[in-house]
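Summary of the model geometry
Single-letter residue listing:
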Amino acid sequence: MALFDNENVNVDVLKKRAFNYRWAEVPDGTIPLTAADPDYPVAPEIREAMMAYINDGYFSYTPKMGYPEFRESIARALYARKQEKIDPDLILPIDSAARGMYVIAETFLRPGDEMIVFDPVDYLFKESALAAGAVPVLFPAVLKDGHIDLSELEKYITPKTRMIGLCNPHNPYGVVYRKEDLEHIMGLCEKYGLYIMNDEIWSDIVFPEKPFISIYALGNERCRRVYSVFGFSKSFGIAGLRAGCVYCTDRDGFEKIVNKSAVLTTAGGIASISQIAGTACMDKCYYWVDEFLAHLKKNRDYALERLSSMPLITCHKPQATYLLFPCIKEFGMTSEEFTDYLKEKVQLALVSGGEQFFGPGSQGYCRICFATSAEILKEGLDRLEKGIHLLIQERNL
Ligand SMILES: Cc1ncc(COP(=O)(O)O)c(C=O)c1O
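Computed from a predicted structure; not experimentally measured.

A closer look at the domain arrangement of the chain
Its domain assignment divides the chain into domain 1 (6-41 + 286-391) and domain 2 (49-284). Computed over C-alpha atoms only, the centres of domain 1 and domain 2 are separated by 25 Å. The interface is formed by 32 residues belonging to domain 1 together with 39 residues belonging to domain 2. Summed over both partners, the interface of domain 1 with domain 2 comes to about 2800 Å²; 58% of that surface belongs to carbon and sulfur atoms. Of all residues in domain 1, Y286, Q319 and T321 give up the largest surface area on contact with domain 2, accounting jointly for 30% of the area buried on that side. Counting the contacts that link domain 1 with domain 2 gives three salt bridges. A salt bridge links R300 to E209; its shortest N-O distance comes to 3.0 Å. Taken together, the links from domain 1 to domain 2 amount to 16 residue pairs in polar contact (both at pLDDT 80 or more). Counted by class, the side of domain 1 that touches domain 2 contains 18 nonpolar, seven polar and seven charged residues.

What follows is the structure in structure tokens.
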């Protein structure tokens, strides 16, 4: 049986374990193409490493800065996969990319400071700014020729702006930034003395047509005010283990991050077993990611073909992520009304666009996660098609 065959998706277990809008939170019979979390069990190497650790029977305190071998594994993988040259001493393992974003915001933002948050983007950018008492300033991120149009970005910078949030690759658009885009953003940061919160959690899930370019490609010297997060949830399917890291190139800034993270008091930090899993991911499981990507590419292309034959819905082709972000404005209803309708009439759960998850600019869109089997995806898209035809009939569209 191949790794990404339908038989490997264990819906009975998922119904007990997969939360956050997924199988365990939808009524029986509903297909959730919702939160970005694979439907597949993790690579065997992750389980083996965890079992070996568990079998020793000790669950003592870990080094406050995380296991050195974990930090080294992350540094090696960042360099081998993405050409990011990061000193392992400037990598802080932490309990999720989400937590890393909060720590970055709380370290560098003061109450009343402004952070530029793209609209749409994952809600954690806005939430982390708010948690720091800062003001998220929404930049309407419009897609133009398959890229985010940054030509108006500078207009959103005020004397209070202190940070720009960069989601590369971008969730929910699935866009990989071009080098000139990163240059543009960096140029503004240099001109106005801003920090960058650089979220690369999606940087492994990039399709071959448009290779990933990290902001570090501009040179580490220029990235002294860039604070990055990576996480293991998207590439390796260990969201429940809460594993991630913050990294940077500036030693003083790193110390501030460490202090704010509370790892030194043991009030913060990441569980030992999550670090063991994370180390196995970095050292042994990129073959799994590569196979996953090949599977995802087939799913993406199939889903796009299906969507292109459905009336009134349109969708751009993502260069990265396992997310589609179709426009549903032609139905003349809100995103919430559209997704509620599908849930009720055809038992399909999608993530609604709109204020809650991605910002007001995502109104009129919905998000489809395709990190599942070809069979479940087909069933989900069959239901979407049926729902769309029902809607058209009912409303005389
Ligand atoms: C862009 C982005 N950043 C951060 C996260 C959070 O990841 P984690 O599970 O490591 O907290 C997600 C999860 O969906 C995401 O899409």
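Having seen the structure, we can now continue with the description.
Remarks on the pairing of strand β3 (residues 114-119)
Across the six residues of β3, six count as buried, placing the element largely inside the fold. Residues of β3 alternate between two faces, with E114, I116 and F118 on one and M115, V117 and D119 on the opposite face, all of them buried. Note that β3 and strand β4 (residues 135-140) share six bridges and pair parallel. Residue pairing for β4: F118 is matched across the bridge by F139. In the sheet, β3 pairs with strand β7 (residues 161-167) via three bridges, with the strands oriented parallel. Counted as the bridge partner of M115 is M163 from β7.

Conventions adopted
- Residues numbered from 1 in each chain as written.
- Predicted model: local features only at pLDDT ≥ 70, side-chain atom pairs only at ≥ 80, totals over all residues.
- Heavy atoms only, no water.
- Domains from an automatic or database assignment.
- Contact = heavy atoms within 4.5 Å.
- Buried area = accessible area lost by both parts, 1.4 Å probe.
- Salt bridge = Lys/Arg side-chain N within 4 Å of Asp/Glu carboxyl O.
- Polar contact = N/O pair within 3.5 Å; in protein donor to acceptor, adjacent residues only side chain to side chain.
- Nonpolar A, V, L, I, M, F, W, Y, C, P; charged D, E, K, R; others polar.
- Buried < 20%, exposed > 50% of the residue type's maximum accessible area, 1.4 Å probe, protein only.
- Helix = DSSP H or I, 4+ residues; strand = E, 2+ residues; numbered from the N terminus.
- Pairing = 2+ DSSP bridges.

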